[in-house]
Amino acid sequence: MNKILDGKKTSLRIKEEIKIKVDKLISEGHRPPHLAAILVGEDGASLTYVTNKVLSCKQVGFKSSLIRLPESISEDELLKEIKKLNVSEEIDGFIVQLPLPNHIDDEKVLLSISADKDVDGFHPENFGRMALNMESFIPATPFGIIELLERYNIDLNGKDTVIIGRSNIVGRPISILLSRKTKIGNSTVTVVHSRTKKLEFYTKNADIIVSALGVPGFLKGDMVKDGVIIVDVGITRVKDSSKKKGYAIKGDVDFDSVYEKASYITPVPGGVGPMTIASLLLNTLKAHKKSIA
Ligand code: NAD
């Protein structure tokens with residue numbers, strides 16, 4: 001049996017579906033969806049993420065704009081840039097790539113983004129609506145996980161789910177989503193984190209584990225039960241001189257030992273990462289629909 005939840009293949013299918021919709025929109029006389037991304041500073045990993053997002057826009061026929069701002073930009077200047085995007089009729093949705101420099105208040109930035117263009121789904125309005133099971137933008141990584149589980153017909157109903165990590169962008173939202181009364185939900189969710197005692201007690205009893213802590217190889221085979229479903233969100237660059245780039249991308253899961261026991265597992269790379277980008281595109285398409293409605 002193939003145990004791999006293949007995010008790469010699934011994301012390509014989603015992109016094909018989006019492309020068909022975009023072609024139809026254009027044939028009906030609409031402009032293509034337009035995603036903008038603000039990148040502050042020169043962080044290599046952030047630049048790679050944003051570049052991938054921009055390239056994916058091209059693949060599906062979206063327009064994209066990358067707005068690069070210097071590390072030294074003041075908070076006020078950044079807020080002005082955001083304001084411009086909020087009112088632009090040309091742009092359907094935008095993201096501000098994190099992390100931001102220390103002198104900029106993340107919370108102020110987040111609150112300044114129009115909820116209607118918040119395709120990252122981080123604004124409290126979208127987050128609250130998501131928690132209440134109302135129409136909203138769902139943060140891209142959790143959305144990608146839901147989409148992947150759905151497309152593999154994974155049944156979560158009544159299952160015990162453990163989420164490792166409680167960040168605002170992954171752990172917390174996915175914990176809300178998987179316990180909601182929805183098709184890919186209805187599971188009994190436990191959130192474990194850095195202060196959890198006896199973390200293994202929870203992971204060993206879990207039917208599904210979503211790992212989002214950012215510690216490579218953290219989850220080992222002896223910490224899970226037979227038949228477990230594993231979603232590995234972790235992406236960490238680990239030095240590796242055998243690689244051209246000098247590093248390898250590692251997930252939170254010790255793949256070989258966990259694979260033995262798992263019924264399904266996402267690889268890293270090729271699992272949640274590409275699904276995150278596909279979900280950002282889905283959110284942008286949704287924002288565009290709103291703008292032409
Ligand atoms: P974060 O650092 O904001 O949060 C990490 C969480 O893990 C915290 O809640 C912390 O309590 C918990 N944690 C840390 N050490 C722990 C330990 N020893 N035991 C139990 N819990 C522990 O991270 P994040 O932004 O949620 O990202 C997590 C990982 O997912 C990172 O590797 C990140 O790069 C990756 N990520 C991947 C994608 C993707 O598209 N695949 C998207 C976002 C984040």
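Coordinates for the structure precede this section.
Everything numeric in this text was worked out from a predicted model, so none of it was measured.

Asks: Sorry if this is basic, but what is going on with helix H3 (residues 75-87) here?
Replies: Residues three or four positions apart in an α-helix share a direction because the helix packs 3.6 residues into each turn. Under the 1.5 Å per step criterion, the end-to-end length of H3 is 19 Å for 13 residues, consistent within 8% with the ideal 18 Å. All of the buried residues along H3 are Glu75, Leu78, Glu81, Ile82, Leu85 and Asn86. Considered in projection along H3, the buried side chains sweep an arc of 145° and stay on one side of the axis. Of the residues in H3, the exposed ones pointing more than 90 degrees away from the buried face are Asp76, Lys83, Lys84 and Val87.

Asks: What am I meant to see in the packing of helix H1 (residues 7-27) against helix H6 (residues 140-151) here?
Replies: For any two helices packed against each other, the geometry comes down to the angle between their axes and how far apart the axes lie. Direction vectors running N to C along H1 and H6 enclose 95°, while the axes themselves pass 11 Å from each other. By the angle between their directions, the pair H1 and H6 is classed as roughly perpendicular. Contacts between H1 and H6 involve Gly7, Thr10, Ile14 and Glu17 from the first element and Glu147, Leu148 and Arg151 from the second. Partitioned by chemical class, the residues of the contact of H1 with H6 number 2 nonpolar, 2 polar and 3 charged.

Asks: Please explain the site of the ligand as it appears in this structure.
Replies: Near the ligand there are 20 residues, and of these Arg166, Ser167, Val233, Ile235 and Thr276 occur at the shortest range. At 2.5 Å from an oxygen atom of the ligand is found a side-chain nitrogen or oxygen belonging to Ser167. In this structure, Val233 approaches the ligand through a main-chain N or O atom, which is 3.4 Å from a nitrogen atom. When the ligand is considered free in solution it has 860 Å² of accessible area, and contact with the protein chains removes 71% of it. In this structure the site holding the ligand corresponds to the largest pocket. With 3 residues, helix H10 (residues 272-292) is the single largest residue contributor to the shell around the ligand.

Asks: What's the story with the environment of Leu66 in this structure? I'm lost.
Replies: With respect to the helices and strands, the residue Leu66 is situated in strand E2 (residues 63-69). Since its relative accessible area comes to 36%, Leu66 is described here as partly exposed. Taking the C-alpha atoms as reference points, Leu66 and Phe94, 28 residues apart in sequence, are found 9.7 Å from one another. Excluding residues that lie within four positions of it along the chain, Leu66 makes contacts with Ala37, Leu39, Val50 and Val54.

Asks: Sorry if this is basic, but what is going on with the packing of aromatic side chains here?
Replies: Centre-to-centre distance and the angle between the planes together describe a pair of aromatic rings. In the structure shown here, the tally under the stated rule is 2 aromatic pairs. Between Phe201 and Tyr202, the aromatic rings sit 5.1 Å apart at their centres with planes inclined by 85°, giving edge-to-face as the arrangement. Exposure remark for Phe201: the relative accessible area of 52% places this residue in the exposed category. According to the relative accessible area criterion, Tyr202 is partly exposed, its value standing at 31%. Positioned above the aromatic ring of Tyr259 is the side chain of Lys3, whose terminal nitrogen or guanidinium carbon lies 4.6 Å from the ring centre.

Asks: Please clarify how the packing of H6 against H10 should be interpreted in this entry.
Replies: Direction vectors running N to C along H6 and H10 enclose 105°, while the axes themselves pass 7 Å from each other. It follows from the interaxial angle that H6 and H10 lie roughly perpendicular. In contact with Ala140, Thr141, Phe143, Gly144, Ile145, Glu147 and Leu148 of H6, H10 contributes Val272, Met275, Thr276, Ser279, Leu280, Leu282 and Asn283. Looking at the contact of H6 with H10 residue by residue, the classes come out as 8 nonpolar, 5 polar and 1 charged.

Asks: What's the story with the environment of Leu5 in this structure? I'm lost.
Replies: Tracing the sequence through the fold places Leu5 in the segment before H1. Using a relative accessible area of 0% as the deciding quantity, one classes Leu5 as buried. Sequence separation between Leu5 and Ile209 is 204 residues; the distance between their C-alpha atoms is 13 Å. Dropping the residues within four chain positions of it, Leu5 is found in contact with Leu148, Leu149, Tyr152, Ile154, Ile229, Ile230, Tyr264, Ile265, Thr266, Pro267, Gly270 and Gly271.

Asks: Is there a simple way to explain the sheet that holds strand E10 (residues 264-265) in this structure?
Replies: Picture the strands of a sheet paired through backbone hydrogen bonds; they go either parallel or antiparallel. In spatial order, the strands read E5-E4-E6-E7-E10; together these 5 strands make up an open sheet with parallel pairing. Two strands bound the open sheet, and with one partner strand each, they are strand E5 (188-192) and E10.

Asks: Can you help me understand the sheet that holds strand E3 (residues 93-96) in this one?
Replies: Taking strand neighbours across the sheet as the criterion, the 3 strands line up as E2-E1-E3 in an open arrangement whose pairing is parallel. Both edges of this open sheet fall to E2 and E3, since each of them pairs with a single strand only. Put simply, the sheet's adjacent strands are angled 15° from each other on average, direction ignored. Across 4 bridges, strand E1 (residues 34-40) lies against E3 in parallel orientation. Within E3, the residue paired with Ile38 across the bridge is Val96. The strands that H3 touches are E1, E2 and E3; relative to E1, the one it contacts most, it runs at about 180°.

Parameters and conventions
- Residues numbered from 1 in each chain as written.
- Predicted model: local features only at pLDDT ≥ 70, side-chain atom pairs only at ≥ 80, totals over all residues.
- Heavy atoms only, no water.
- Helix = DSSP H or I, 4+ residues; strand = E, 2+ residues; numbered from the N terminus.
- Expected span 1.5 Å × (residues − 1).
- Buried < 20%, exposed > 50% of the residue type's maximum accessible area, 1.4 Å probe, protein only.
- Arc of directions from axis to C-beta.
- Axes fitted to C-alpha atoms, helices over the stretch in contact; angles between N-to-C directions.
- Parallel < 35°, antiparallel > 145°, perpendicular 65-115°, else oblique.
- Contact = heavy atoms within 4.5 Å.
- Nonpolar A, V, L, I, M, F, W, Y, C, P; charged D, E, K, R; others polar.
- Near = heavy atom within 4 Å.
- Polar contact = N/O pair within 3.5 Å; in protein donor to acceptor, adjacent residues only side chain to side chain.
- Areas by Shrake-Rupley, 256 points an atom, 1.4 Å probe, with all protein chains shown as cover.
- 1 Å grid on protein atoms, 1.4 Å probe; cavity = no way out; pocket = protein on both sides within 12 Å on 5 of 7 lines; lining within 4 Å.
- Sits in = over half its atoms within 2 Å of the grid points.
- Phe/Tyr/Trp six-rings, centres within 6.5 Å; stacked < 30°, edge-to-face > 60°.
- Lys NZ or Arg CZ within 6 Å of the ring centre and 35° of its normal.
- Pairing = 2+ DSSP bridges.

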